[in-house]
Amino acid sequence: MALQALHSSGVAFRKILSHFPEELSLAFAYGSGVYRQAGPCSNQKNAMLDFVFTVDDPVVWHSKNLKKNWNHYSFLKVLGPKMISNVQNNYGAGVYYNPLITCDGRLIKYGVISTSILIEDLLNWNNLYIAGRLQKPVKIIALNENVALRSALDKNLKSAVTAAFLMLPESFSEEDLFLEIAGLSYSGDFRMVVGEDKAKVLNIVKPNIAHFRELYGSILQENPQVVYKIQQGSLEIDKSPEGQFTQLMTLPKTLQQQINHIMDPPGKNRDVEETLLQVAHDPDCGEVVRLGLSAIVRPSSMRQSTKGIFTAGIVKRWTF
């Protein structure tokens, strides 16, 4: 499995993890505090550490975490773990963040997501929020033997490659591919216009080509639709309508539905397969895929940011 190469045995990460309830199906660290980035986020020593914790039962986990870390939560803590879990699961992108926490002398932010919601996002790209995080290099700190979760993690990486292929020309470099992949979850994200550095994707990829290669190398070597010249760092793909149709048919369900919605004229009510066949022959196929991604990411990122006002508290929300 491609993610195995990124398992971290870092004592510092495990020490931080020891401050939280143990029932985690997956825990990973990501962002500029973990992997060096170019630009304004290049100083790793002072960067906030970002974590995501995946839990099978959010009510039980938040109940235990409230006992251990009451001060991590906003005013919602007084409403109890059931309300916190309800906000987590049913609003935004299905993740509940506690930001600006001091833990073992480091400033951290951690998000909590249910295992079932994460698996759905990895497979179908319902929000492409945490699934998008996992398309970039991360440090896996804990991963249990949940076969469905492991399979979904792998499928998410393969889907990222397929979506990127559809937006690239016939020949391109590794860096071109990794830039497309890293940018998938930022397509249409309003924070890339307001707040986030517009060069963010380039700053993520440039210093981390080797880590992206670790993550995607075996997938690229095993993909029958690509010629991967590892030594030259170049790739060639099948851009025929037949090749693009095959790729479109393997895209996550929500992205296929968004493409169908964009391309299906009022009153036509064509099925998804018919629409994808049309898109496969369209010279602007890549742009249609990009519009479909934006239709997923834009509302998801806006809802999650609005949710942050309540889960983080107003002062914290506008600080992180």
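Read on for a plain summary of the structure.

Conventions and cut-offs
Residues numbered from 1 in each chain as written. Predicted model: local features only at pLDDT ≥ 70, side-chain atom pairs only at ≥ 80, totals over all residues. Heavy atoms only, no water. Helix = DSSP H or I, 4+ residues; strand = E, 2+ residues; numbered from the N terminus. Polar contact = N/O pair within 3.5 Å; in protein donor to acceptor, adjacent residues only side chain to side chain. Contact = heavy atoms within 4.5 Å. Core = buried A, V, L, I, M, F, W, Y, C linked by side-chain atoms within 4.5 Å. Buried < 20%, exposed > 50% of the residue type's maximum accessible area, 1.4 Å probe, protein only. Pairing = 2+ DSSP bridges. Axes fitted to C-alpha atoms, helices over the stretch in contact; angles between N-to-C directions. Phe/Tyr/Trp six-rings, centres within 6.5 Å; stacked < 30°, edge-to-face > 60°. Lys NZ or Arg CZ within 6 Å of the ring centre and 35° of its normal. 1 Å grid on protein atoms, 1.4 Å probe; cavity = no way out; pocket = protein on both sides within 12 Å on 5 of 7 lines; lining within 4 Å. Points joined across faces, edges and corners; volume = space filled by probe spheres on them. Nonpolar A, V, L, I, M, F, W, Y, C, P; charged D, E, K, R; others polar. Salt bridge = Lys/Arg side-chain N within 4 Å of Asp/Glu carboxyl O.

### With respect to the side chain of Q225
- Tracing the chain through its elements places Q225 in the loop between α9 (209–222) and β7 (226–229).
- A distance of 3.4 Å separates the side chain of Q225 from the side chain of Q247, its partner in a polar contact.
- Ignoring sequence-local partners within four residues, the contact set of Q225 consists of E236, I237, D238, G243, T246 and Q247.

### So, the nonpolar core
- Ranked by internal contacts, the top residues of the largest apolar core, which has 67 residues, are I130, L177, Y216, L248 and I259.
- It is helix α6 (residues 147–166) that contributes the most residues to this core, 10 residues altogether.
- Look past the residues within four positions of I130 in its chain and what remains in contact with it is F28, V52, V95, Y97, I113, L118 and D121.
- Core analysis: the next-biggest nonpolar cluster, separate from the first, contains 27 residues, A29, F53, V87 and A142 among them.

### Description of the sheet that holds strand β2 (residues 49–55)
- Overall, mixed pairing links the five strands, which are arranged β3-β4-β2-β1-β5 in an open sheet. Two strands in the sheet have a free side with no partner beyond their single neighbour: β3 (95–103) and β5 (139–143). Averaged over all adjacent pairs, the angle separating strand axes in this sheet is 20 degrees, with direction ignored.
- Note that β2 and strand β4 (residues 106–114) share seven bridges and pair parallel. When the sheet's bridge partners are listed, F53 is paired in β4 with V112.
- Against the sheet, helix α2 (residues 58–68) touches β2, β3 and β4, its axis set at about 150 degrees to β4.

### Considering the packing of aromatic side chains
- Inspection of the entire model under this criterion finds 11 aromatic pairs.
- Ring centres of F28 and Y30 lie 5.9 Å apart, and the angle between their planes is 50 degrees; this geometry places the pair in the tilted category. Comparing F28 with Y30 shows no difference in burial state: the two are buried.
- Judged by centre distance (6.0 Å) and plane angle (55 degrees), the ring pair of F53 and W61 falls under tilted.
- An aromatic cluster of at least three residues, connected via ring pairs, comprises F13, F20, F51, F53, W61 and Y110.
- In this structure, K109 packs its charged tip against the face of Y97, placed 5.2 Å from the ring centre.
- In this arrangement the basic side chain of R133 is found over the ring face of Y129, its NZ or CZ atom lying 5.3 Å from the centre.

### Focus: the layout of surface pockets
- By volume, the second largest pocket is sized at about 160 Å³.
- Taken together, K155, K158, S159, T162, F165, N223, P224, Q225, T246, Q247 and T250 make up the full set of residues lining the second largest pocket.
- Mapped by element, the contributors of at least two residues to the lining of the second largest pocket are α6 and α10 (241–249).
- For the lining of the second largest pocket, the residue count by class is two nonpolar, seven polar and two charged.

### Structural notes on the pattern of salt bridges
- All chains considered together, the criterion is met by 10 salt bridges.
- Residues K158 and D154 are paired through a salt bridge, measuring 3.5 Å at the closest nitrogen-oxygen approach. Of the two residues, K158 and D154 both sit in helix α6, four residues apart, roughly one turn of that helix.
- Classification of D154 by relative accessible area gives buried; the value is 19%.

### A few points about the side chain of Q135
- Relative to the elements of secondary structure, Q135 occurs in the loop between α5 (130–133) and β5.
- Judged by its relative accessible area of 0%, Q135 is buried.
- Here Q135 is in contact with W125, L128, N156, L157, A160, I181, L184, F212, L215 and Y216, once residues within four sequence places are set aside.

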